[in-house]
Amino acid sequence: MAAHSHNNYVEDENRVIPEPQTKGIWRVFIILCVITAIEFAFAFLMPSSSIRNWIFIILTLVKAFFIVGEFMHLKHETKSLIWTILVPTILLVWLVTALVTEGSYIGDVIFNYFK
Amino acid sequence: MKASYGKLMMWIFLLSDAFTFGAFLTAYGLVRHRHQVYTGAADDFTFSTAYWPIPEKVFNAFPGFHGVDLPLAFVALMTMILILSSVTMVLAVEAGHRMDKNDVQKWLLWTILFGSMFIGCQAWEWSHFITGSEHGMKLPDGSTFHGANLAINEYGPVLFADLFFFITGFHGTHVFSGIVLLITMFISTVNGVFQRRGHYEMVEKVGLYWHFVDLVWVFVFTFFYLV
C-alpha cells in the first residue's frame, strides 16, 4: 500500500460510484440476531445446568465465527494471515480451559488442606 | 503475506488484546468456581453473600420501568445496539471500497451514534448497580447497605461486584477508545484525506478494532449475564 501514499488518486467529478453490495452484511446481521434470540430462549426456558452452559458456549463460538469471519473479513484473507491469527487463538482457548480446570482443582486442594 | 503492514499489526494487536480478556475470563472462571452455587428454586431467590447470585435476578431493571421485573431486557437492548453498530461499521468499510465518500461519512456517523448509545446504556447500568435496590442488605451492626462498591455489595460475594466493575469497565474503556478513533476517522473523511490518498484502509483498520470490541461483548454477555 506504500505506493498509494502519494496523491496519485485523481478526483473525477463525473466518476460513477458503484452500487453498494450489502446483501451479505445484512444476512450476517440477521444470523447474529437469531442466535442471540435463541440464547435468550434457553436462558428463560431451560433451568440452569452444565448442559445449558455448554449450549451457551457453543452458540457464542458460532457468533464469534461470523463476526471474525465475515465482519472482520478474516475468511476472505490470505491463508497465512488466517493461520497467524487462528493458531494463537486456539492456543488461547486451550490455555483458558486448562487454567480454569487446573486452577479450580488446585484451589479446592488448598482450600480443603487448610480447612 | 499479501496483507498490508498496518492491517497485519492491527490483527496482532487484537490478538494480544484477546489474551488480556482471556486472563479476565480465567480469573472469572476460577473465582466463580470457588463460590457456592444457589441450589433452591429460582422464585425463592434472595441476595446473599453466601452464594453467587443468579444474573437474571441482579440485572432485571430497565430505565423508565421502576420496580418492574424485566430480567436481562436492558442487556438485550445493549447487545442489539452493539451488533447494529458493527453492521454500520462494515457498511462504512464497504462504502470505502467503492470510494463513496458520502456513504462512508453516513455510516461512520451511525456507528458513532450507536457506540455512544451503548456507552450511555452502560453508564445507566453501572449507576443502577452502584445505587442498588430499595430494600438493600442488612448488615450485622443493624444498618442497611444499598448497592455496590469494590468492598461490599448487596447482590452477593464481594468478588461478584469487583469482577463486574473490572470486566465490563475494561470493555467500556475499549468502546470509548473506539468512539474516539471513529471520530478521528470521520473528521479525516470529511476533510477528504482518504479520498486524496486513494484508499480507505484506515477506516478498515479502525473497523477491525470496532468488531473486536463487539466480539468481546459477545463473550462478556455469555459469561457474565447468561451462564
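Residues numbered from 1 in each chain as written. Chains lettered and ligands numbered in written order. Predicted model: local features only at pLDDT ≥ 70, side-chain atom pairs only at ≥ 80, totals over all residues.

**Observations concerning unusual backbone geometry**
All names here are of chain B.
Next, step 1: Despite not being glycine, Leu 72 has its phi angle at roughly 60 degrees, a positive value.
Next, step 2: Within the secondary structure, Leu 72 sits in the loop between helix H2 (55-58) and helix H3 (73-97).
Next, step 3: For Leu 72, a count of 21 C-beta atoms within 10 Å puts it in the buried group.
Next, step 4: The residue Met 99 is not glycine, and still its phi comes out positive at about 60 degrees.
Next, step 5: With respect to the helices and strands, Met 99 occurs in the loop between H3 and helix H4 (101-131). (Helix = DSSP H or I, 4+ residues; strand = E, 2+ residues; numbered from the N terminus. Buried ≥ 20, exposed ≤ 12 C-beta atoms within 10 Å, placed from the backbone.)

**Structural notes on the interface of chain A and chain B**
Next, step 1: Taken together, the contact pairs 44 residues of chain A with 44 residues of chain B.
Next, step 2: Broken down by secondary-structure element, the contributors of at least two residues to the side of chain A that touches chain B are helix H1 (23-45), helix H2 (50-71) and helix H3 (79-113) of chain A.
Next, step 3: Per-element accounting of the side of chain A that touches chain B gives the leading share, 13 residues, to H3 of chain A.
Next, step 4: Residues of the side of chain A that touches chain B, tallied by class, amount to 26 nonpolar, 14 polar and 4 charged. (Contact = placed C-beta atoms within 7 Å. Nonpolar A, V, L, I, M, F, W, Y, C, P; charged D, E, K, R; others polar.)

**As for the confidence of the model for chain A**
All names here are of chain A.
Next, step 1: Counting all residues, the mean pLDDT for chain A is 87, and 88% of those residues have values of 70 or more.
Next, step 2: Of all secondary-structure elements in chain A, the lowest mean pLDDT belongs to H3, at 92, while H2 reaches the highest, 94.
Next, step 3: Confidence drops under pLDDT 50 across residues 1-6; counting only partners more than four residues distant or on other chains, this segment forms 6 contacts. (pLDDT = per-residue confidence, 0-100.)

**Quick word on helix H7 (residues 201-226) of chain B**
Next, step 1: If you check H7 of chain B, its first and last C-alpha atoms are 36 Å apart, about what 26 residues at 1.5 Å a residue would give, namely 38 Å.
Next, step 2: Most of H7 of chain B sits out of view: 23 of its 26 residues are buried. (Expected span 1.5 Å × (residues − 1).)

**Focus: the domain arrangement of chain A**
Next, step 1: One can read the domain layout of chain A as domain 1 (21-76) and domain 2 (78-115).
Next, step 2: Relative to domain 2 of chain A, the C-alpha centre of domain 1 of chain A lies at a distance of 23 Å. (Domains from an automatic or database assignment.)

**Focus: the environment of Phe 111 of chain A**
Residues and elements named next belong to chain A.
Next, step 1: Mapped onto the elements, Phe 111 comes out in helix H3.
Next, step 2: When the 10 C-beta atoms within 10 Å are taken as the criterion, Phe 111 is described as exposed.
Next, step 3: C-alpha of Phe 111 to C-alpha of Lys 75: the two residues are 36 residues apart in sequence and 46 Å apart in space.

**Regarding H2 of chain A**
Next, step 1: The end-to-end C-alpha separation of H2 of chain A is 31 Å, in line with the 32 Å expected for 22 residues at 1.5 Å each.
Next, step 2: For H2 of chain A, the set of buried residues is Thr 60, Lys 63, Ile 67, Val 68, Glu 70 and Phe 71 of chain A.
Next, step 3: Looking at the buried positions of H2 of chain A, the neighbouring elements they touch are H1 of chain A together with H3 and H7 of chain B.
Next, step 4: Just downstream of H2 of chain A, His 73 of chain A is the residue with a positive phi angle, here 70 degrees.

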